[in-house]
Amino acid sequence: MPKHTPSPLNPRSPLVLDTRELPRRPGALRTVKRMVPAPADLGVELIGVPEGADLDLDLRLESVSEGVLVSGTVSGPVRGECGRCLREINDSVVVRIQELYAYENSTTDTTTDEDEVGRMQGDLIDLEPALRDAVVLTLPTNPRCREDCPGLCPECGVHWDELPADHSHQQIDPRWAGLSQLTRKEE
C-alpha cells in the first residue's frame, strides 16, 4: 500500500516545531515554551477552545533512536454552554501531550502504519493533530456549568434553581375536577 505524501509544512506556522537545533542522538533534549493561537474547530459541539485564543505550550522535545518524543502540557481557555441549563461556561483546560514523531525513512517510519505514530517532514513536526486529539478527548461531551446543575423546567424553560420549591405545571383534567374538590374538603 503506497504511503500518503502529506502537504509540506510551513515552518512559520505556530504549531509547527523545528528540530534543527535538536541533535539526532538519543537523550538530546530541548524545551519549547510559547504562546500560540488556537486553531479553528478545537472542541466538541457544546464546548471548545475559541479560535485564536492563546494556548500556552510547555513542551519537551527529546531525541530518541526512532525520532523525536514530544511531551508536555497545553493550557488555554474553553468556552461553551451547559448541557442541562444552557448557561455560558467560561473555564480553562490543561492537557498532557505525549507523541512520538518518527524520522523520515527510519525503521519506525517503515514498520508502522501511517496513523500509529507522527511523522516528521525533514526537521519539522506538525503538532496540531496531537494537540487536537489531546484537547478534544479531554473536553466533556455534555458539559455542566456546575456539578449539581438542576437544568431547566421542561414545561416553562426557567432554571430550576430560580423556581420555588412547589413549582408545578400539573393540569387537572376537567372531567376529574370534581374529584379534586373532595380531597380539598378532607384537608
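Residues numbered from 1 in each chain as written. Predicted model: local features only at pLDDT ≥ 70, side-chain atom pairs only at ≥ 80, totals over all residues. Heavy atoms only, no water.

1. A closer look at the overall build of the protein
(1) Moving on: Counting secondary structure elements, the protein contains 3 helices and 9 strands.
(2) Moving on: Out of the 187 residues belonging to the protein, those deemed buried represent 33%.
(3) Moving on: Of the contacts made within the protein by residues no fewer than 6 positions apart, 58% connect residues no fewer than 24 positions apart.
(4) Moving on: Carbon and sulfur atoms make up 48% of the accessible area of the protein, which amounts to about 12,200 Å² in all. (Helix = DSSP H or I, 4+ residues; strand = E, 2+ residues; numbered from the N terminus. Buried < 20%, exposed > 50% of the residue type's maximum accessible area, 1.4 Å probe, protein only. Contact = heavy atoms within 4.5 Å. Areas by Shrake-Rupley, 256 points an atom, 1.4 Å probe, with all protein chains shown as cover.)

2. So, the side chain of Thr-19
(1) Moving on: Looking at the element boundaries, Thr-19 is found in the loop between strand E1 (16–18) and strand E2 (29–37).
(2) Moving on: Judged by its relative accessible area of 4%, Thr-19 is buried.
(3) Moving on: There is a polar contact of 2.7 Å between the side chain of Thr-19 and the backbone oxygen of Asp-123.
(4) Moving on: What Thr-19 contacts, discounting residues up to four positions off in sequence, is Arg-30, Leu-61, Val-68, Met-120, Asp-123 and Ile-125. (Polar contact = N/O pair within 3.5 Å; in protein donor to acceptor, adjacent residues only side chain to side chain.)

3. Some thoughts on the pattern of salt bridges
(1) Moving on: The tally for this structure, following the rule as stated, stands at 7 salt bridges.
(2) Moving on: Arg-60 is paired through a salt bridge with Glu-62; the nearest N and O atoms lie 3.2 Å apart.
(3) Moving on: Look at Arg-60 and you get partly exposed, because its relative accessible area is 38%.
(4) Moving on: With its nearest N and O atoms 2.7 Å apart, the salt bridge here joins Glu-128 to Arg-132. Taken as a pair, Glu-128 and Arg-132 lie in helix H2 (residues 128–138) at a separation of 4 residues, close to a single helical turn.
(5) Moving on: For Arg-132, a relative accessible area of 22% puts it in the partly exposed group. (Salt bridge = Lys/Arg side-chain N within 4 Å of Asp/Glu carboxyl O.)

4. Things to note about the nonpolar core
(1) Moving on: By size, the foremost hydrophobic cluster in this structure holds 36 residues, and its most contacted members are Val-70 and Leu-131.
(2) Moving on: Elements supplying a minimum of two residues to this core: E2, strand E4 (47–49), strand E5 (54–64), strand E6 (67–81), strand E7 (88–102) and H2.
(3) Moving on: In this structure Val-70 touches Leu-17, Leu-59, Arg-60, Leu-61, Ile-97, Gln-98, Glu-99, Tyr-101, Ile-125 and Leu-127, once residues within four positions along its chain are discounted. (Core = buried A, V, L, I, M, F, W, Y, C linked by side-chain atoms within 4.5 Å.)

5. Concerning the pairing of E5
(1) Moving on: Only one face of E5 is covered, namely the face carrying Leu-55, Leu-57, Leu-59, Leu-61 and Ser-63; the face carrying Asp-54, Asp-56, Asp-58, Arg-60, Glu-62 and Val-64 is uncovered.
(2) Moving on: Relative to E5, E2 runs antiparallel, the two being bridged by 9 bridges. The residue of E5 that forms the bridge with Leu-29 is Glu-62.
(3) Moving on: Sheet topology places E5 next to E6; 9 bridges connect them, and they run antiparallel. Paired with Ser-63 across the bridge in E6 is Val-68. (Pairing = 2+ DSSP bridges.)

6. Quick notes on the environment of Leu-69
(1) Moving on: Relative to the helices and strands, Leu-69 resides in strand E6.
(2) Moving on: With 32 residues separating them along the chain, Leu-69 and Tyr-101 place their C-alpha atoms 6.2 Å apart.
(3) Moving on: If near-sequence neighbours (up to four positions away) are discounted, Leu-69 is found in contact with Arg-60, Leu-61, Glu-62, Val-64, Gln-98, Glu-99 and Leu-100.

7. Quick notes on a nonpolar patch on the surface
(1) Moving on: A surface patch of nonpolar side chains, amounting to about 420 Å² of accessible area, comprises Ile-172, Trp-176, Leu-179 and Leu-182.
(2) Moving on: Structurally, Ile-172 is set in the loop between H2 and helix H3 (177–186).
(3) Moving on: We classify Ile-172 as partly exposed; its relative accessible area is 46%. (Patch = residues over 30% accessible without salt bridge, like charges linked within 9 Å, V, L, I, M, F, W, Y side chains within 5 Å.)

8. Brief notes about the environment of Arg-96
(1) Moving on: Along the chain, the position of Arg-96 falls in strand E7.
(2) Moving on: With relative accessibility at 62%, the residue Arg-96 sits in the exposed group.
(3) Moving on: Separated by 21 residues in sequence, Arg-96 and Ser-75 have C-alpha atoms that sit 8.9 Å apart.
(4) Moving on: What Arg-96 contacts, discounting residues up to four positions off in sequence, is Gly-72, Thr-73 and Ala-134.

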